[in-house]
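What follows is each chain in one-letter form.
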Amino acid sequence: MTLEKKKKFEWVFFQNLVVRQVRQDYLENITGFAWLILQPLILLAVYAFVFSTIFKARIPEAGDIGFVPYLAVAFWPWTAFSEAILKANNSITANGALIGKVAFATEQIPLASVTATFIMHLVGYLAVLVILQLMGTSIHWFHLVLVLPVILLMWILACAISLFTSAIQVFVRDLAQILPPLMTFWFFTTPILYSSSYLPASIQQFSQWNPMAWFVARLRELLLFGEITFSYRSLLVVFVVVVFAWLSLRFFRRFSGHFEDFL
Amino acid sequence: MDTLVRLEGVSKIYPRIHKSRERLQAFVSLLFGREPAHGARVLKDINLEVVRGQSLGIIGENGAGKSTLLKVLTGVIRPTSGRVMVHANIAAMLELGAGFQPDFSGMENVRMKASLMGLSNQELAERLDDILAFADIGEYIHEPVKHYSSGMVVRLGFAVITACRPDLLITDEVLAVGDESFQKKCINWIQQFLEQGGTLLLVSHSMYVVQKLCQKALWVHNGRIEEYGEVFPVTQSYLAWHEKRTAKEKEMQVKAKGDGAYYRIENFEINGSNDNETPRFAMGDNLDVELQIFSPDDRPPVGVVGVVRADGTPVYGVVSDNEDAAPVKLAENLYRFRLRLKNIALLPGSYNLSAHSMDPEGIRVFDSCQMPFVISGETKEVGYIRLPHEWLD
């Protein structure tokens, strides 16, 4: 069973998909792109109020950096990651009209959805970093050069997971209900609201295998503490993420020719 | 020869997916590369080759598998077994919608579709005017596609295709939706496309379109290739099959109602001639019409005879029971009317004599029959009929 038709990855089409996704999410609002920056800032204010004023949260490792910057630096990339996966999950079913009528490399759809979400949140992330700087936190701006590869790796991981879930979603519609609580669980087991030292030793064992924990730790080191601690583990993470992405693409393509039967 | 598409032993099974358990089963069998356990086998062992410059019409009854075949050809769906090889830049119009997203404007959809077919932004910008001119839907281009009529969707979809200059054009019965002038425009474009060496695969129920545009035809029946060859023999045997089937259905209908349960026309003649030649008369001749009707319950039926102009305009009609004309009983269940149209005043031209049989109450028409005839002669009068007249001082 072979299909010897080359389905090209159409680059212009992919760009159009991404732009369309961004427009769909933001341009239909009256204020349009302003929300890209406003929403994260409002959220930041809410978290600052809740955690600093009500909970009076303190993290020893954060030192005089304070809780809010400690949270914010990790929280925005997580939001991008989690929202990207949840949105991409339904992308195949949402684009059924296109898939049944035109032959193209279907993986472009979930990938474009993930990419659009990442781009939008990256803009918000930069806005948050600028505000943090203005509020007195010293951000290590030069380390952005290293932050970008870390976020790129998060993007690849999100793409890989989305290829898996969006393909399965076509067949097993229940996934849309299962996925949000799973992502919430992942959020709370990743040291985003807290530091990994809070975890009991038994769970810390598992936390080592949580790629998000690794990403979050790197982002804090780079931007807040100005440390660069890349080791052989970094290479391992890159390797695992890339292999996982390759597997998920193969998995996706196994099903993509049959989506039309199930949409 | 330059082969653009080749199918080898292609079969397609649509898995049964009504229940979520069946969806899960289908998912698992796909995961392990097995054939689905339950499902509808829509294509069975299709072998086909399309060479460059060919134009192939695909015909067949509804549900025969034509659209699925096109979807497999274009790569929208993967066959359950068999090989599909494509070496061409394909543009396809499959069903309505053409892959447009209903919530976006026509313009945005054009942009998406063009980029999907490999047009760069610059190429699209150059050809956009042509696309809009071909689609000719005016300001609607900025409206969401969900507000379009089906004809407008097809116009826009076809317009994008014209801009993409594909090697192989595949259309699935979409031209039928456009209005008369747009259909003509499309057919002209396709003819030009074929003259320039383009290749065409067309699904249509209009044998006229198939014969006009295609050299070859493929008749698909129950998911198999029933006949493949030159367009005229294949379309003719397809039509013959349809006629046979319709005749069979009629027969079955009668049988189902009991022994000959309706009033059908057994025989219909003008002046004793009902052979293949069109009867000809001169103005002022008498037309003797004979109409035999089968009456299943042996009650005398009602007969209707009328004259219709060749373009369908009714000229005159008469119903037997309004004039208390009773038929003659020829045999058990068989009645005969005879009618003489005296000194016929029809002006020269082609006409149809039509007859209908009705039940004895004259309420329902059961059967109809038409026979062409010609009134010959020369006259400078105009109209259908000569009214008795005289010029006065």
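The following paragraphs examine the structure supplied in this document. (Residues numbered from 1 in each chain as written. Chains lettered and ligands numbered in written order. Predicted model: local features only at pLDDT ≥ 70, side-chain atom pairs only at ≥ 80, totals over all residues.)

1. Examining the overall build of chain A
Counting secondary structure elements, chain A contains twelve helices and zero strands. Taken over the C-alpha trace, chain A has a radius of gyration of 20 Å; the compact-globule value for 263 residues is 18 Å, and the two agree within 12%. The principal-axis extent of the C-alpha atoms belonging to chain A is close to 60 × 45 × 35 Å. Put simply, 79% of the contacts in chain A that link residues at least 6 apart link residues at least 24 apart. (Helix = DSSP H or I, 4+ residues; strand = E, 2+ residues; numbered from the N terminus. Rg over C-alpha atoms; globule rule 2.2 N^0.38 Å. Contact = placed C-beta atoms within 7 Å.)

2. Some thoughts on the overall build of chain B
Across its full length, chain B holds eight helices and 18 strands. Over its C-alpha trace chain B gives a radius of gyration of 29 Å, far above what one expects of a compact globule, namely 21 Å for 393 residues. By its C-alpha atoms, chain B is 80 × 60 × 45 Å across when sized along the principal axes. A sequence separation of at least 24 residues applies to 71% of the contacts in chain B between residues at least 6 apart.

3. Some points on the interface of chain B and chain A
If you look at the interface, chain B gives 34 residues, while chain A gives 27 residues. At the level of secondary structure, the elements contributing two or more residues to the side of chain B that touches chain A comprise strand E1 (3-15), helix H1 (20-31), strand E4 (81-86) and helix H3 (106-116) of chain B. When its residues are assigned to classes, the side of chain B that touches chain A shows 18 nonpolar, ten polar and six charged. (Nonpolar A, V, L, I, M, F, W, Y, C, P; charged D, E, K, R; others polar.)

4. Quick notes on the packing of helix H7 (residues 144-171) of chain A against helix H10 (residues 211-225) of chain A
All names here are of chain A. One way to put it is that H7 packs onto H10 with a least axis distance of 10 Å and a crossing angle of 165°. Considering the angle they form, H7 stands roughly antiparallel to H10. The hand of the H7/H10 crossing is left-handed. Two secondary-structure elements touch here, H7 through Leu-146, Val-147, Val-150, Met-154 and Leu-157 and H10 through Pro-211, Phe-215, Arg-218, Leu-219, Leu-222 and Leu-223. For the contact of H7 with H10, the residue count by class is ten nonpolar, no polar and one charged. (Axes fitted to C-alpha atoms, helices over the stretch in contact; angles between N-to-C directions. Parallel < 35°, antiparallel > 145°, perpendicular 65-115°, else oblique. Left-handed = near helix turned anticlockwise from the far one by under 90°.)

5. Concerning the pairing of strand E5 (residues 90-93) of chain B
Residue and element names in this part refer to chain B. Side chains Ile-90 and Ala-92 of E5 all project onto a buried face; the interleaved residues Ala-91 and Met-93 project onto the opposite face, where all are buried too. Sheet topology places E5 next to strand E6 (residues 168-172); four bridges connect them, and they run parallel. From the neighbouring strand, Met-93 faces E6, where its bridge partner is Thr-171. (Buried ≥ 20, exposed ≤ 12 C-beta atoms within 10 Å, placed from the backbone. Pairing = 2+ DSSP bridges.)

6. Considering the sheet that holds strand E18 (residues 365-376) of chain B
Residues and elements named next belong to chain B. Taking strand neighbours across the sheet as the criterion, the five strands line up as E11-E18-E17-E13-E14 in an open arrangement whose pairing is mixed. Sheet topology places strand E11 (280-282) and strand E14 (314-319) at the edges, where each strand pairs with a single neighbour. Averaged over all pairs of adjacent strands, the angle between strand axes in this sheet comes to 25°, irrespective of strand direction. Here strand E13 (residues 302-309) runs beside E14; their pairing, made up of five bridges, is antiparallel. Across the sheet, residue Val-308 finds its bridge partner in E14, namely Pro-314.

7. Considerations on helix H6 (residues 108-134) of chain A
Over its 27 residues, H6(A) extends 39 Å from the first C-alpha to the last, a length consistent with the 39 Å expected when each residue adds 1.5 Å. Looking one or two residues beyond H6(A), the residue adopting positive phi is A:Gly136, at roughly 110°. (Expected span 1.5 Å × (residues − 1).)

8. As for the sheet that holds strand E15 (residues 328-331) of chain B
Residue and element names in this part refer to chain B. One open sheet accounts for four strands, arranged E10-E12-E16-E15; its pairing is antiparallel. The two strands at the open ends of the sheet, each matched to only one other strand, are strand E10 (264-270) and E15. Taking each pair of neighbouring strands and ignoring which way they run, the sheet shows an average axis angle of 25°. Where E15 meets strand E16 (residues 334-341), three bridges bridge the pair, whose relative direction is antiparallel. Paired with Ala-331 across the strands is Leu-334, a residue of E16.

9. What about the pairing of strand E7 (residues 199-203) of chain B?
Residue and element names in this part refer to chain B. The buried fraction of E7 is high, at five of five residues. The alternating pattern of E7 places Thr-199, Leu-201 and Val-203 and Leu-200 and Leu-202 on opposite faces, both of which are buried. Two strands pair when backbone bridges link them, and strand E3 (residues 55-59) and E7 are joined in this way by four bridges, in the parallel orientation. Residue Ser-55 lies in a different strand from E7, and its bridge partner there is Leu-200. Strand direction decides the pairing type here: E6 and E7, joined by five bridges, are parallel. Pairing of Leu-169 across the sheet is with Leu-200, part of E7.

10. A short note on the packing of H3(B) against helix H5 (residues 150-164) of chain B
Axis angle and axis distance: for two packed helices, these are the angle between their axes and the distance between the axes, and together they describe the pair. Residue and element names in this part refer to chain B. It is at 10 Å that the axes of H3 and H5 come closest, and there the two elements cross at 40°. The orientation of H3 with respect to H5, classified from their angle, is oblique. Read as a crossing pair, H3 and H5 show a hand that is right-handed. Residues Gly-106, Val-110, Lys-113 and Ala-114 of H3 pack against Leu-156, Val-160, Ala-163 and Cys-164 of H5.

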